[in-house]
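Okay, here's what each chain looks like letter by letter:
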Amino acid sequence: TLYVGVLLQTQPFFITGIDDISTAKSNAFGAMGMFIATFGISLFGIMRTSGDKTDDLEGEGFQLGTVTSVSSRSAGDYAASRYD
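Novice: What should I look at first to understand the overall build of the chain in this one?
Specialist: Each helix and strand counted, the chain has 2 helices and 0 strands in total. Counting over 84 residues, the chain shows a buried share of 6%. As displayed, the chain offers around 7,500 Å² of accessible surface, 60% of which is attributable to carbon and sulfur atoms.

Below is the structure:
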């Protein structure tokens, strides 16, 4: 959107089909501002919650690398046929 805004400001004759160049320029810069605001809010949210070091799955019995089903297979039997 920055590229479109700058192009509309410096060389608007390269973009055809625009009736009002000043409105298009304003909309392009407005869209760029909204993108920057949304990106900034997202970064703020990520940085704010990154301090939480607790794992949401901790304490609920989840463990990687183990099979929790009733089957007698172990976690290493990935290539084994289920019809054995």
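Novice: What exactly am I supposed to notice about helix 1 (residues 2–10) here?
Specialist: For an α-helix, the turn length of 3.6 residues means that residues three or four places apart are oriented alike. Taken together, the buried positions of helix 1 are occupied by Gly 5, Leu 7 and Leu 8. Each buried residue of helix 1 sits inside an arc of 165° when the element is viewed along its axis, so together they form one side. Those residues of helix 1 that are exposed and aimed more than 90 degrees away from the buried face are Tyr 3 and Thr 10. Of the surrounding secondary structure, the elements contacted by the buried residues of helix 1 are helix 2 (21–49).

About the thresholds
- All residue numbers refer to position in the chain's written sequence, counted from 1.
- Reporting in this predicted model follows two pLDDT cut-offs: at least 70 for local features of residues, and 80 or more for side-chain atom pairs to be given and counted; totals over whole chains, interfaces and linings ignore these cut-offs and use all residues.
- Side-chain measures were taken over the full set of non-hydrogen atoms in the model, leaving aside hydrogen atoms and water.
- Starting at the N terminus, helices and strands are each numbered in turn, a helix being any DSSP run of H or I of at least four residues and a strand any DSSP run of E of at least two.
- Summary of the burial criterion: residues with accessible area below 20% of their type's maximum are buried, those above 50% are exposed, and those between are partly exposed, where the area comes from a 1.4 Å probe applied to protein chains only.
- Residue burial considers only the protein chains on display, and all accessible areas are found by Shrake-Rupley using a 1.4 Å probe.
- It is the directions from the helix axis to the C-beta atoms that the arc portrays.
- We call two residues in contact when some of their heavy atoms are within 4.5 Å.

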